[in-house]
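Summary of the model geometry
Listed below, chain by chain, are the residues.
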Amino acid sequence: MSDVEEAITRVHREQWARVVASLTRRFGDLDIAEEAAAEAFATAIERWPADGVPANPGAWLTTTANHKAIDRIRRENKRDDKHKEAQLVYDDDPPEPLGAIDDERLRLIFICCHPALAMETRAALTLRMVGGLTMPEIAHAFLVQESAMGRRITRAKAKIKAARIPYRVPSAADLPARVSGVLAVLFLVFNEGYLATGPDTDPVRHDLTAEAIRLTRLIRALLPEDGEVAGLLALMLLIEARRTARVSASGELVPLAEQDRGAWDAALVAEGHRLVRERLAAAAAGVAPGRYQILAAINAVHTSARAVGDTDWSQVVALYDQLIRLDPSPIIALNRAIAVAELDGPDVALAAVDRLEDTLAGYHAYQVTRADLLRRLGRGQESRAAYDKAIELTGNTAEIAYLTRRRDELG
Amino acid sequence: MQYLVSVIDDTTGPATPDEDAAIDVFNDRLKAEGHWVFAGGLGLPSAATVIDNRGEEAMFTDGPFLESKEYLAGFWIIEAPDLDVALTLAAEGSKACNRKIEVRPFN
């Protein structure tokens, strides 16, 4: 890649959300903002190799995008009340100070993650408007046709406009619920990357996990006081740190207990641990931790153990107990049981797992856990049946390879 | 901006006295805060008649235009600056009338 191409890629990553956000504020229309931003970047790709990269690429792009947007509005003669004549005057003043623009990006995130939009639509819209991913990339991420993804995003933009979903940071009363909605979107994107499903898909989609982390870092920078934002970032970092150790050279899933801990990314682990320590200090000062902070703390117990035998399982179980008080879901009970197996033995864990059958029988992790516990208890035939069900329910290629080998080793 | 706030009912039937009282309180608030445009409760769908006068003569058909388990039981038309305000009001309306609610913008 040439220096200019590299510069364009970097500027795209750093400036896309700023350009879209500032145009959305100015023109009050996500569609115009998105299209003009895309055109401005296309112009940069055309011109920068010959003209050189401008001294302030962000300002250049915002100005160019503003011109493109005004050209489009003039072309379509959309001079209604919302687009005051004054706004249609080319305005080449330098962009606003950083603080105000950062606030614009926050508004952009909140409008994309609005609760009046379907969850998958929120994720797609966030990846497009804030992340700057292209439509083919987003369609690929969610394993749908590009045309279907295009329609979904078009519908979402039309609803935002028709129903007048506001472009602003929510009121203080709504803020915690709305931030939690944004974090759910980012965690959805991360998980789709981490546990990618589909026969023709890479088992771990690094592009999606990296994008989710990048966007969570952005929110962390914009909302530094929010404990759950820090918690989610720590959780993602500690999971991402284990990414390369999690799939073997032959493409098989490697469970936590069998991973080469030396292959974990030490820098990501250290950053994750710093965030967890920050939240532990806040908890000690009386701030009750939310679910992402507790999940991050559980991951930190694992990443602190140099060997699997060093894992402080009683700490893990205690953290799951804390999590269950916040969120008494069967999936959390299942994860708690996995830790209980290490602390109190597989028989105790199996009894707890079997109590979840009614709700979780169709969930692959339930069958995986049962299969493993039955294997450890020497109940080969039942274990095999559970592995069969697990393989049937799993969409991840690396996990299917691992489970198949485990089943076939039962003898 | 105006929004149609539809009350969706299934088999619950007419509002109870408690629900009526809560709706009155909510309506007073809408009026006091300048959100009120109009509101009304509707008769059961079985009282509906569909008219089609696009052809030679008007056709009258007994019953609602759409047979479904859920039906429109009543509605508010509210004035709100944006969807966030409309949704907050609709959430209170749902609590007051004790039913599901749909919010839809006027064009």
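Residues numbered from 1 in each chain as written. Chains lettered and ligands numbered in written order. Predicted model: local features only at pLDDT ≥ 70, side-chain atom pairs only at ≥ 80, totals over all residues.

**Things to note about the sheet that holds strand β2 (residues 36-41) of chain B**
All names here are of chain B. Pairing within the open sheet is antiparallel, and its four strands lie in the order β2-β5-β1-β6. Each of the sheet's edge strands pairs with one partner strand only, and the pair in question is β2 and β6 (100-105). Pairs of neighbouring strands in the sheet enclose a mean axial angle of 20°, with direction left out of account. Pairing of strand β1 (residues 2-9) with strand β5 (residues 71-79), which is carried by eight bridges, proceeds in the antiparallel orientation. If you follow Tyr3 over to β5, its bridge partner there is Ile78. (Pairing = 2+ DSSP bridges. Helix = DSSP H or I, 4+ residues; strand = E, 2+ residues; numbered from the N terminus. Axes fitted to C-alpha atoms, helices over the stretch in contact; angles between N-to-C directions.)

**Comments concerning the pairing of strand β4 (residues 59-62) of chain B**
Looking down a regular strand, the side chains alternate between one sheet face and the other. All names here are of chain B. Sheet topology note: the strand β3 (residues 49-52)/β4 ladder contains four bridges and is antiparallel. Counted as the bridge partner of Val50 is Thr61 from β4. Taken together, β3 and the strand that follows it, β4, pair antiparallel across an intervening segment of six residues.

**So, the confidence of the model for chain B**
Summary statistics for chain B give a mean pLDDT of 93 and a share of 98% for residues scoring 70 or more. Confidence metrics for the complex model read pTM 0.83 and ipTM 0.88. (pLDDT = per-residue confidence, 0-100.)

**Structural notes on the interface of chain B and chain A**
With six residues of chain B at the contact, the number on the chain A side is six residues. Split into classes, the residues belonging to the side of chain B that touches chain A amount to four nonpolar, no polar and two charged. (Contact = placed C-beta atoms within 7 Å. Nonpolar A, V, L, I, M, F, W, Y, C, P; charged D, E, K, R; others polar.)

**Considerations on the packing of helix α11 (residues 266-284) of chain A against helix α12 (residues 291-304) of chain A**
Each pair of packed helices can be described by the angle between their axes along with the distance between the axes. Residue and element names in this part refer to chain A. For the pair α11 and α12, the least separation of the axes is 10 Å and the interaxial angle reads 130°. As judged from the angle between their axes, α11 and α12 are oblique. As α11 packs across α12, the resulting crossing turns out to be left-handed. Residues Val269, Gly272, His273, Leu275, Val276 and Arg279 of α11 touch α12, and the partners they reach there are Gln293, Ala296, Ala297, Ala300 and Thr303. (Parallel < 35°, antiparallel > 145°, perpendicular 65-115°, else oblique. Left-handed = near helix turned anticlockwise from the far one by under 90°.)

**Some words on the packing of helix α2 (residues 30-51) of chain A against helix α3 (residues 57-76) of chain A**
Residues and elements named next belong to chain A. Across the interface, α2 lies against α3 with an axial gap of 8 Å and an inter-helix angle of 125°. What the angle tells us is that α2 and α3 run oblique. Between α2 and α3 lies a crossing whose hand is right-handed. Taken together, the residues of α3 that come into contact with α2 (itself represented by Ile32, Glu35, Ala36, Ala37, Glu39, Ala40, Phe41, Thr43 and Ala44) are Leu61, Thr64, Ala65, Lys68, Ala69, Arg72 and Ile73. Across the contact of α2 with α3, the residue classes tally to ten nonpolar, two polar and four charged.

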